[in-house]
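Analysis of the macromolecular model
What follows is each chain in one-letter form.
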Amino acid sequence: MTHPLTLYGHFLSQPTRAVLWTLAMKGTPYNFVKINPAQNEADTEEFYAKFPTGGVPALHDASAKFDGKPLHLTESNAILAYLSSKNGWSDLYPTDVVLRAKVDQWLHWHHANMRICTNRIFRPRMNIAMGWKQANPLLEGPDILKLLRPSFLVLQHEGLLNSRPFLVGNVPTIADISVYCELDQLFYAKLLDLQDFPDIQSWMKRLQALPHHDEVRRTLFKFIEILNSKSPQSGI
Ligand SMILES: N[C@@H](CCC(=O)N[C@@H](CS)C(=O)NCC(=O)O)C(=O)O
């Protein structure tokens, strides 16, 4: 069936997962095109013509126009904000300017902070396990904690201050979704030491309880089995 929205992405891509989860939670129909950038599947003229930044997730919205053409949008947090604004999901992206500013703060913070969960910790493991692109050296337990500790302090002491249930209040927003989708993979791969951060642990449990959590992580769970079996494989 054809829908105006087409999402290009991969189930192991953390920012793709954030968009997929949001669409699932809101019951929004869309077409999905699986693209694995780690196997150079985004390196085609056709993809670059639509999405010059070359990565996933990437959204095509046939019901909206930019420069006289259908809207093509990259950057997961921009996609999440766009979908929320367009569809009036004010629970996920509040219309109150102060609350929205706090959501935006976390979305911007995510890029230079939480994103290291993938770039420095998870992706090297993924590339080795799947025989994909060249990997950086693997970081292990204490080095992972050292790298993430400053971000955990910010999350615990500013985000979840006074045991606030979610980063910006009593309900989850796209800020929680974006940040959590970096940490989930480390949690399930048993690479996350949150002993000193009980508020982050409780917050993660609240996110795990949201609808469609496991469904959008089926490929991640399968990949973690491969990772634990320590034998290189392909086909995800
Ligand atoms: N800031 C971007 C990051 C997107 C990103 O890093 N995507 C990865 C997959 S998780 C990608 O497409 N990388 C391109 C490549 O590996 O060549 C976002 O939030 O959407």
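Rules of the game
- Residues numbered from 1 in each chain as written.
- Predicted model: local features only at pLDDT ≥ 70, side-chain atom pairs only at ≥ 80, totals over all residues.
- Heavy atoms only, no water.
- UniProt positions renumbered as here; feature names shortened; annotations may be inferred.
- Salt bridge = Lys/Arg side-chain N within 4 Å of Asp/Glu carboxyl O.
- Helix = DSSP H or I, 4+ residues; strand = E, 2+ residues; numbered from the N terminus.
- Buried < 20%, exposed > 50% of the residue type's maximum accessible area, 1.4 Å probe, protein only.
- Axes fitted to C-alpha atoms, helices over the stretch in contact; angles between N-to-C directions.
- Parallel < 35°, antiparallel > 145°, perpendicular 65-115°, else oblique.
- Contact = heavy atoms within 4.5 Å.
- Nonpolar A, V, L, I, M, F, W, Y, C, P; charged D, E, K, R; others polar.
- Near = heavy atom within 4 Å.
- Polar contact = N/O pair within 3.5 Å; in protein donor to acceptor, adjacent residues only side chain to side chain.
- Areas by Shrake-Rupley, 256 points an atom, 1.4 Å probe, with all protein chains shown as cover.
- Domains from an automatic or database assignment.
- Buried area = accessible area lost by both parts, 1.4 Å probe.

As recorded in an unreviewed UniProt entry, the protein goes by the name Glutathione S-transferase, putative, listed as coming from Bodo saltans. What UniProt records for the protein under Sequence similarities (unreviewed entry) is the sentence "Belongs to the GST superfamily." In the Subcellular location (unreviewed entry) part of its UniProt record, the protein is described as follows: "Cytoplasm".

Within this structure, the stated rule accounts for 8 salt bridges. Here Glu158 and Lys102 are joined by a salt bridge, their closest N and O atoms 2.8 Å apart. On the criterion of sequence distance, the pair formed by Glu158 in helix α6 (residues 141–159) and Lys102 in helix α4 (residues 97–112) is long-range, its members being 56 residues apart. Note on Glu158: relative accessible area 32%, which makes it partly exposed. Within the structure, one salt-bridge network assembled from shared partners comprises Arg17, Asp184 and Arg217.

Let's shift gears to the packing of α4 against α6. Interhelical geometry of α4 versus α6 gives an angle of 170 degrees and a closest axis separation of 13 Å. In terms of orientation, α4 and α6 fall into the roughly antiparallel class. Taken together, the residues of α6 that come into contact with α4 (itself represented by Lys102, Gln105, Trp106 and Trp109) are Ser151, Val154, Leu155, Glu158 and Gly159. Here the residues of the contact of α4 with α6 are counted per class, giving 4 nonpolar, 3 polar and 2 charged.

In the neighbourhood of the ligand, 13 residues make up the surrounding shell, with Gly55, Val56, Glu75, Ser76 and Arg115 lying closest. Between an oxygen atom of the ligand and a side-chain N or O atom of Ser76, the distance comes to 2.7 Å. At a separation of 2.8 Å, an oxygen atom of the ligand approaches a polar side-chain atom of Arg115. Compared with its free state, where it exposes 510 Å², the ligand has 75% of that area covered by protein. Classifying every residue of the shell around the ligand by side-chain character gives 4 nonpolar, 5 polar and 4 charged. No fewer than three residues from each of domain 1 (5–87) and domain 2 (97–229) sit in the shell around the ligand.

Let us look at the domain arrangement of the protein. Taken domain by domain, the protein comprises domain 1 (5–87) and domain 2 (97–229). When each unit is reduced to the centre of its C-alpha atoms, the spacing between domain 1 and domain 2 is 21 Å. With 23 residues of domain 1 at the contact, the number on the domain 2 side is 29 residues. With both chains or domains summed, domain 1 and domain 2 bury close to 2200 Å², and 66% of this area falls on carbon and sulfur atoms. If you look at where domain 1 meets domain 2, you find 1 salt bridge. Where Asp184 meets Arg17, a salt bridge forms, and the shortest distance between an N and an O atom there is 2.8 Å. Seen at the junction of domain 1 and domain 2, the total is 10 residue pairs in polar contact (both at pLDDT 80 or more). If one sorts the elements of the side of domain 1 that touches domain 2 by residue count, helix α1 (residues 14–26) sits on top with 9 residues.

Note that Ala64 resides in strand β3 (residues 58–66). Since its relative accessible area comes to 16%, Ala64 is described here as buried. Along the backbone, Ala64 and Thr74 are 10 residues apart, and their C-alpha atoms lie at a distance of 15 Å. Ignoring sequence-local partners within four residues, the contact set of Ala64 consists of Lys69, Pro70, Leu71 and Tyr82.

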